[in-house]
Amino acid sequence: MLLIPCPWCGPRAESEFACGGEAGIVRPGAPDAVSDAEWADYLFMRTNHRGLHREQWWHAHGCRRWFIVRRDTVTCRIDGVEKMGSAGAAP
Amino acid sequence: MQGAPAMQRYSIFSLLRNALSHHERWQAAWRSPEPRPAYDVVIVGGGGHGLATAYYLAREHGITNVAVLEQGWLGGGNTGRNTTIVRSNYLWDEAAHLYELSLKLWEGLSQDINYNVMFSQRGVLNLGHSLQDMRDIHRRVNANRLQGIDAEVLNAAQVKAMVPILNTSPGARYPVLGASLQRRGGVARHDAVAWGFARAADARGVDIIQNCAVTGIRRENGRVVGVETSRGYIGAGKVGVVAAGNSSVLAAMAGLRLPLESHPLQALVSEPMKPVIHTVIMSNAVHGYISQSDKGDLVIGAGIDQYAGYGQRGSFHVIEGTLAAIVELFPSLSRVRMNRQWGGIVDICPDACPILGKTPVRGLYFNCGWGTGGFKATPGSGFVFAHTIARDEPHPQNAAFSLERFTSGYLIDEHGAAGVAH
Ligand SMILES: Cc1cc2nc3c(=O)[nH]c(=O)nc-3n(C[C@H](O)[C@H](O)[C@H](O)COP(=O)(O)OP(=O)(O)OC[C@H]3O[C@@H](n4cnc5c(N)ncnc54)[C@H](O)[C@@H]3O)c2cc1C
Ligand SMILES: [Zn+2]
């Protein structure tokens, strides 16, 4: 089980959280100007790489806020967290 | 062909003959050749699907100048880590027909490849715990019958008669209202599937090369020309990637993106016991799957961890949750000790269906996205993927499973039938 440092509540057990997947996926602009391929990329395609990964987590059974965790997908080591909308967290 | 010695057939007579020489003269099951500079087809990934692909390339299409490159050992990926459930009772026609093609191949596989894969059609039960579960079960069973696939609905008493140790009392925490049953479903010996396909492919001239990690996919003018590996560059007319949990990593080597997320999935086995469960019991609702191997161990599968992970291990609370559910369903198992626990990396696709087909790079094909449930598809997947590679066009049975479906929107939503189950 991961020990996840919520930026508001501090380190808590993973079972309090829900993982929201890859962070930084931006919804493409004006819908009528977006091609099917761009839309597919936004909806379905994922980086899914080995190594350091920025991902969204939700403290579902705690403060109920979303934030970003930098975690290595091979070792599971957590490198740091960012609040949503903070400088490092954009977009 | 570099003089592959004729494959000695396995039979009761070869067993007796080798017993006389104390089993010290068995022929190696496959050669371990040095890689050649180039092949007509290179298959990346020596799991069951990759080895089956190589076998059917040779047998069905006469393409034998083929190498299977495996970074570790054969079947060391999900093939050797899964709970071996085989069934074909999926909901949608496209998926059901693909898995049924595979189930039909399973039924003759041991004879076909002259290797006992211990395919045992002991039946697969999917439990229903609520009225909605039962409605879904009826719908799926009806769909399967229309597809020509064997399927039955059992009521609680019939389930109890089949599995006496299952807690079907009205006061149970997870009441059992009934189940779907596919009698032709069952289990197989996972290692034997990898080894059997390897031996049969090798006998037809395929080079099986272990400890050979692919690190790059070389392309020229939009066409694949070979692969960089830990054992040097290997040229290739065509490349088929069958790398399960590592598929996105391979795709990135060719500048492609896939709709996959790799997650840990765990399983565990108990100490061996006398026979208590003679069928396969699955419960999607409580994320628990159980069968008993021929050795007597209870084989139990869990759900995936929620985060992406390549570490081939998962979190303890996931198997804790699964075992809590198993003990509610089978109270008499509460004192059974677990022997071993492990994880694999499963490539989860948004519609819980595989991707099997061509890519924007000419001569490069991907077979991935089987997620938590691809063992059952091993022979069928190899069969249609070999066709796709040999003819440069999909077999009718895998045409719907293209990468383009994520652009066209033609998804095949199998979450109901496959979501968390194997
Ligand atoms: C715990 C668990 C339980 C499961 N239970 C079931 C079940 O009951 N029923 C069912 O149908 N399915 C089940 N599955 C899913 C099933 O195991 C897989 O879908 C299936 O085995 C995939 O087969 P494969 O040959 O594609 O993959 P693998 O056997 O994983 O083969 C892929 C191979 O590619 C190799 N590879 C990766 N990258 C490279 C590289 N760069 N260079 C060279 N080689 C590389 C890997 O080492 C690996 O050996 C389960 C999976 C797990 C983990
Ligand atoms: Zn919090």
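Residues numbered from 1 in each chain as written. Chains lettered and ligands numbered in written order. Predicted model: local features only at pLDDT ≥ 70, side-chain atom pairs only at ≥ 80, totals over all residues. Heavy atoms only, no water.

S.K.: Explain the domain arrangement of chain B here, please?
M.R.: Where the parts come together, the accessible area they lose is often given as the size of the interface. Residues and elements named next belong to chain B. Domain boundaries in chain B define domain 1 (38–88 + 90–113 + 190–260 + 350–418) and domain 2 (124–185 + 262–348). A C-alpha centroid distance of 27 Å is found between domain 1 and domain 2. Tallying the contact residues gives 34 residues for domain 1 and 30 residues for domain 2. Each partner contributes to the roughly 2,500 Å² buried at the junction of domain 1 and domain 2, and carbon and sulfur atoms together form 53% of this total. Three residues, Arg81, Thr83 and Leu91, lead the burial of domain 1 against domain 2; their summed loss comes to 23% of the area buried on that side. In this structure, the connection of domain 1 to domain 2 is made through two salt bridges. Between Arg184 and Glu100 there is a salt bridge; the shortest N-O distance is 2.8 Å. In this assembly, domain 1 and domain 2 are joined by 13 residue pairs in polar contact (both at pLDDT 80 or more). Mapped onto the side of domain 1 that touches domain 2, the elements with two or more residues apiece are strand 3 (85–86), helix 3 (93–113), helix 7 (247–253) and helix 11 (415–418). It is helix 3 that contributes the most residues to the side of domain 1 that touches domain 2, seven residues altogether. (Domains from an automatic or database assignment. Contact = heavy atoms within 4.5 Å. Buried area = accessible area lost by both parts, 1.4 Å probe. Salt bridge = Lys/Arg side-chain N within 4 Å of Asp/Glu carboxyl O. Polar contact = N/O pair within 3.5 Å; in protein donor to acceptor, adjacent residues only side chain to side chain. Helix = DSSP H or I, 4+ residues; strand = E, 2+ residues; numbered from the N terminus.)

S.K.: Any chance you could explain the packing of aromatic side chains here in plain terms?
M.R.: Describing an aromatic ring pair means giving the distance of the ring centres and the angle of the ring planes. Counted by the stated rule, this structure contains 16 aromatic pairs over all chains. Pairing Phe17 of chain A with Phe67 of chain A gives two aromatic rings, centres 5.9 Å apart and planes at 80 degrees, and the pair type is edge-to-face. Placement of the pair is Phe17 of chain A in the loop between strand 2 (10–13) and strand 3 (18–22) and Phe67 of chain A in strand 5 (residues 66–72), with a sequence separation of 50 residues. Residue classification places Phe17 of chain A among the buried positions, given a relative accessible area of 5%. Counting every residue linked through ring pairs, the aromatic cluster contains Phe17, Trp57 and Phe67 of chain A together with Tyr307 of chain B. Lying across the ring of Tyr233 of chain B, Arg218 of chain B places its NZ or CZ 3.8 Å from the centre. (Phe/Tyr/Trp six-rings, centres within 6.5 Å; stacked < 30°, edge-to-face > 60°. Buried < 20%, exposed > 50% of the residue type's maximum accessible area, 1.4 Å probe, protein only. Lys NZ or Arg CZ within 6 Å of the ring centre and 35° of its normal.)

S.K.: How should the interface of chain A and chain B be read in this particular structure?
M.R.: Contacts between the two partners involve 25 residues from chain A, matched on the other side by 24 residues from chain B. Carbon and sulfur atoms make up 51% of the surface buried where chain A meets chain B, a total of about 2,100 Å² over both sides. One can count one salt bridge joining chain A with chain B. Its salt-bridge partner being Arg257 of chain B, residue Asp41 of chain A comes within 2.9 Å of it at the nearest N-O pair. Residue assignment for the side of chain A that touches chain B shows that the elements contributing at least two residues are strand 3 and helix 1 (36–43) of chain A.

S.K.: I'm lost on unusual backbone geometry in this one. Help?
M.R.: Trans is the common state for peptide bonds, and a negative phi is the common state for residues other than glycine. Residues and elements named next belong to chain B. Here Ala352, not a glycine, exhibits a phi torsion of approximately 60 degrees, which is positive. Positionally, Ala352 belongs in the loop between strand 16 (338–348) and strand 17 (355–358). Phi angles above zero are rare outside glycine, and Asp392 is one such case at about 55 degrees. Of note, Asp392 is situated in the loop between helix 9 (378–391) and helix 10 (405–408). The exposure class of Asp392 is partly exposed, given its relative accessible area of 34%.

S.K.: Which parts of the structure should I look at to understand the site of ligand 1?
M.R.: All names here are of chain B. Among the 38 residues in the neighbourhood of ligand 1, the closest are listed as Glu70, Asn78, Thr79, Thr83 and Lys376. Within the backbone of Thr372, one N or O atom sits 3.1 Å away from a nitrogen atom of ligand 1. When residues of the shell around ligand 1 are traced back to their parent elements, those giving at least two are helix 2 (48–61), strand 12 (261–270) and strand 16. A total of three residues in the shell around ligand 1 trace back to one element, the largest contributor, which is strand 12. When the residues that make up the shell around ligand 1 are grouped by side-chain class, the tally is 15 nonpolar, 20 polar and three charged. Inspection of the shell around ligand 1 shows a minimum of three residues originating in each of domain 1 (38–88 + 90–113 + 190–260 + 350–418) and domain 2 (124–185 + 262–348). (Near = heavy atom within 4 Å. Nonpolar A, V, L, I, M, F, W, Y, C, P; charged D, E, K, R; others polar.)

S.K.: Even after reading the chapter, I still don't get a nonpolar patch on the surface, so can you show me in this structure?
M.R.: Residues and elements named next belong to chain B. Side chains of Tyr10, Ile12, Phe13, Leu15, Leu16 and Trp26 sit close together on the surface and give an oily, nonpolar patch of about 610 Å² of accessible area. Relative to the elements of secondary structure, Leu15 occurs in helix 1 (residues 12–20). Among the residues examined, Leu15 registers a relative accessible area of 45% and is labelled partly exposed. (Patch = residues over 30% accessible without salt bridge, like charges linked within 9 Å, V, L, I, M, F, W, Y side chains within 5 Å. Areas by Shrake-Rupley, 256 points an atom, 1.4 Å probe, with all protein chains shown as cover.)

S.K.: Looking at this structure, how should I read the nonpolar core?
M.R.: It is characteristic of soluble globular proteins that their nonpolar side chains tend to be buried jointly. Membership of the largest hydrophobic core comes to 54 residues, with the highest contact counts inside it found for Tyr56, Trp106 and Phe197 of chain B. Of all elements in the fold, only strand 1 (38–44), helix 2, strand 2 (66–69), helix 3, helix 6 (190–203) and helix 9 of chain B reach the threshold of two or more residues within this core. Top element by residues in this core is helix 3 of chain B. It accounts for ten residues. Among residues more than four places away in sequence, those in contact with Phe197 of chain B are Gly48, Leu51, Ala52, Tyr55, Tyr56, Leu109, Ile113, Thr378 and Pro379 of chain B. Counting residues in hydrophobic clusters, the runner-up holds 32 residues, among them Met45 of chain A together with Val241, Leu250 and Leu364 of chain B. (Core = buried A, V, L, I, M, F, W, Y, C linked by side-chain atoms within 4.5 Å.)

S.K.: Is there a simple way to explain the side chain of Thr388 of chain B in this structure?
M.R.: Residues and elements named next belong to chain B. Following the sequence through the fold, Thr388 ends up in helix 9. Residue Thr388 is classed as buried on the basis of its relative accessible area of 0%. Only 3.1 Å separates the side chain of Thr388 from the side chain of Asn398, close enough to count as a polar contact. With near-sequence residues (within four places) excluded, Thr388 lies in contact with Gly357, Lys358, Tyr365, Glu393, Pro394, His395 and Asn398.

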